[in-house]
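# Examination of the molecular architecture
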Amino acid sequence: MAKEFVARGADLELKQIRKEFPGFTAIDNLDLHVPAGEFFALLGPSGCGKTTTLRLVAGLESPTKGKIFIGGKDITATKPHERPVNTVFQSYALFPHMTVLENVAFGLRQRKVADPLAKAKDALNLVQLSHLADRKPQQLSGGQQQRVALARALVNRPSLLLLDEPLGALDLKLRREMQTELKAIQMEVGLTFLHVTHDQEEAMDMADTVAVMNLGRIEQMGAPETLYDRPKTVFVSKFLGQSNLLVGDVTSTSANSISIDVAGNKISVPKNRAEKHKGKIAIGFRPEKATFSSKKPTATSAKNVIGPGEVLDIRFTGVSNQYLIEVPQLGNITVFAQNMTHFAPIEVGAKVWISWDVENSFGLSDLPAKNVKA
Amino acid sequence: MAFAAFGSANAPAAGKPTRSGKVVIALLAPGLAYLGAFFLTPLFALIMVSLEVPDPNGGYAEYVPAFEIGNYFYVISEYLPHILRSFGYALAATVLALVISYPLAYFIGVKARPWPLLQKLMLTLVIAPFFISFLLRTLAWKQIFSNESWIVSSLHDIGLLAPTQYVVGTPFMVIFGLTYNFIPFMTLPLYTSLERLDLRYLEAGSDLYASPSKVFRKVTLPLSMPGIISGTLLTFIPIAGDYINASGDFLGSSSTSMIGNVIESNYLQINDYPSASALSVLLMGVILVLVSVYVKKSGTEDLL
Ligand SMILES: Nc1ncnc2c1ncn2[C@@H]1O[C@H](COP(=O)(O)OP(=O)(O)OP(=O)(O)O)[C@@H](O)[C@H]1O
Ligand SMILES: [Mg+2]
């Protein structure tokens, strides 16, 4: 194992992983494949099992059931120090008795890599902290500690790098810089990154593939654009961006689309964009894909229309406004519209119709917990 | 050092006693008075006695104040073997206590964390011997290893001891007794520092390719250094001055006498007060030097 610096990443495969803590199942039947050299983001709410998944891969926790492969090799029973994996810990875990530089050089020294200090200095340069090399971790700010943790893992060039919210403590500007830096390193060296984050923008921006995790399972996985364009479950549609959901029974089916009836409105979705074609289903659309007008537009086979509704609230966010519109019997619908003028085109209390293209609708496989009354 | 960083930020301006400054002085006063009355005064008296000379006109055990530095040279030349033996025994017993206590403290403080009840039980067991006077316990060991005991006769039978050799009165027995009596003083500080050890550092170590033994040497050991330092100080210092274990009445014999025994016999039996005092001062001085070198070397001045 001596001093090989891997030239490129290895792929990671989790097969039927289950992890039980006393009285609690944190991971349930998790299947995951991360191709070599990919930037893979694991996105999910707090407590869904992201850190547990990383700990299983790092070997700090052993699965109750299932197998883990790195580069095709079964490493389920391998000790953490023998795995070609490094972790940027959510809690940083920088050694308090060592200087920043020694922290970064630690992994290199263990593997007897030549000239560890010079390499550690380079890594510190990369995270813009070379001027703090001689400090102890306790003398750094949270964001600085986080960057040291990043350098300490990156410097080893592991075939698989696990990042547990590695940028959470950084301000927006620094976070963007580090994101660019990370992405550049990943591309340049061809490492495999498994990146855990709460931040959906970060996940969509950086990752080749995003997996949305919920309650210890992967709900959906795919390229960021696909996930956003075609969420399959209520959870994904709400967790990755915002969605308006309408629930109703399927009333008619044509060659290409199906339609549901929602309080007298006919809402359609292309067949190939719907998970379910029968019974009660939920159809969703993104707030920025809809428009509103104060005159009722004509519904066509290519356009869904609902309304009229009343504008409850207008939220100014700079480039766009978020309009909250209450449609009787359908609930509240959100519409985003770019601020093309210096004033909002409508006011709170206005009566509007909402329309969007049928081909921008998506049909989900499950129903929202709190059904909109029909 | 770490505290200095905080201190400077809100330290009151020097010279002008602020309200909190007065409170600090008021709170410190009893302690300072105590130190003055019960530490500095006797220390001064001890030093004065150590420099006295026999009264030329007086009888046996009568001394007059003088400034006889020669007393120190006398005790050093006379009792050098005892001095060396004291520190040798203290070193051996401290190292033994550390080697025995560390795994014990590690088990209680780290491995037993999921079972707080077990932790408490084991801690109680560590302290339990204190419920019986240590004189009695030491005498009990003397019984156990007495010349007539089955342990010693078995040792004779299997030939580990020559027929004329016994256990009580040997350096082994004294070091054993010292180790036994001071183990709790080593275990407790070790436990306190291991109990606070953040296991995430150990995980980070193994994630960075360190084998379990490397993690122990590079992470666990340095992080438990404060416990090791205070444990070794709490055992080494009292052991160097101990006179019970090595005394002929307990586990030792005349060939195992330590400084404590010499001081005791000089004071209480031959009434050579200046020599006894000079030895006491010497013992204190040597310990002071050893401890400060030790603490400096191990880089934990923060501790003192
Ligand atoms: N050692 C443990 N014993 C019992 N339960 C645990 C243990 N570790 C984690 N859990 C539980 O497992 C679940 C998943 O935890 P995990 O740390 O993986 O969440 P996470 O997705 O990383 O959350 P966050 O985004 O807040 O970091 C949580 O409900 C947590 O309470
Ligand atoms: Mg986590």
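Since this is a predicted model, take the numbers as computed values, not measurements.

### Overview of the domain arrangement of chain A
One widely used convention gives an interface's size as the accessible area the parts lose upon coming together. Along its sequence, chain A is organised into domain 1 (12-229) and domain 2 (242-363). Taking the mean C-alpha position of each, domain 1 of chain A and domain 2 of chain A sit 39 Å from one another.

### Considerations on the environment of Asp261 of chain A
Residue and element names in this part refer to chain A. Here Asp261 shows up in strand 12 (residues 257-262). Residue classification places Asp261 among the partly exposed residues on the basis of a relative accessible area of 35%. Here the alpha-carbon distance between Asp261 and Arg315, two residues 54 residues apart in the chain, equals 30 Å.

### With respect to the environment of Ser62 of chain A
Residues and elements named next belong to chain A. Looking at the secondary structure, you find Ser62 in the loop between helix 1 (50-58) and strand 4 (65-70). What makes Ser62 partly exposed here is its relative accessible area of 49%. Contacts of Ser62, omitting those with residues within four sequence positions, involve Lys19 and Leu56.

### A short note on the coordination of the magnesium ion (ligand 2)
Residue and element names in this part refer to chain A. Here the magnesium ion (ligand 2) is held by Thr51 (OG1) and Gln90 (OE1), and the distances to it run 1.8 to 2.3 Å. Here Thr51 is found in helix 1, whereas its partner Gln90 is found in the loop between strand 6 (85-88) and helix 2 (100-110), with 39 residues between them in sequence. We classify Thr51 as partly exposed; its relative accessible area is 28%.

### Description of the site of ligand 1
All names here are of chain A. Taken together, 13 residues form the shell around ligand 1, and within it Ser46, Gly47, Lys50, Thr51 and Thr52 come nearest. Between Gly47 and ligand 1, the recorded distance is 2.7 Å, taken from a backbone N or O atom to an oxygen atom. Contacts to ligand 1 include Thr51, whose side-chain N or O atom sits 2.6 Å from an oxygen atom. Calculation on ligand 1 without its partners gives an accessible area of 630 Å², and the protein chains cover 64% of this total. At the level of elements, strand 2 (24-34) and helix 1 are the ones that each hand at least two residues to the shell around ligand 1. A total of three residues in the shell around ligand 1 trace back to one element, the largest contributor, which is helix 1.

### With respect to unusual backbone geometry
Residue and element names in this part refer to chain A. In the segment running from Gly307 into Pro308, the intervening peptide bond is cis, with an omega of 0 degrees. Within the element layout of this structure, Pro308 appears in strand 16 (residues 303-316). With phi around 45 degrees, Glu165 is a residue other than glycine that occupies positive phi space. You can see Glu165 is positioned in the loop between strand 7 (160-164) and helix 5 (172-189).

Each value, and the rule that gives it
Residues numbered from 1 in each chain as written. Chains lettered and ligands numbered in written order. Predicted model: local features only at pLDDT ≥ 70, side-chain atom pairs only at ≥ 80, totals over all residues. Heavy atoms only, no water. Domains from an automatic or database assignment. Helix = DSSP H or I, 4+ residues; strand = E, 2+ residues; numbered from the N terminus. Buried < 20%, exposed > 50% of the residue type's maximum accessible area, 1.4 Å probe, protein only. Contact = heavy atoms within 4.5 Å. Donors = N, O, S within 2.8 Å, 3.2 Å for Na, K, Ca; no water. Near = heavy atom within 4 Å. Polar contact = N/O pair within 3.5 Å; in protein donor to acceptor, adjacent residues only side chain to side chain. Areas by Shrake-Rupley, 256 points an atom, 1.4 Å probe, with all protein chains shown as cover.

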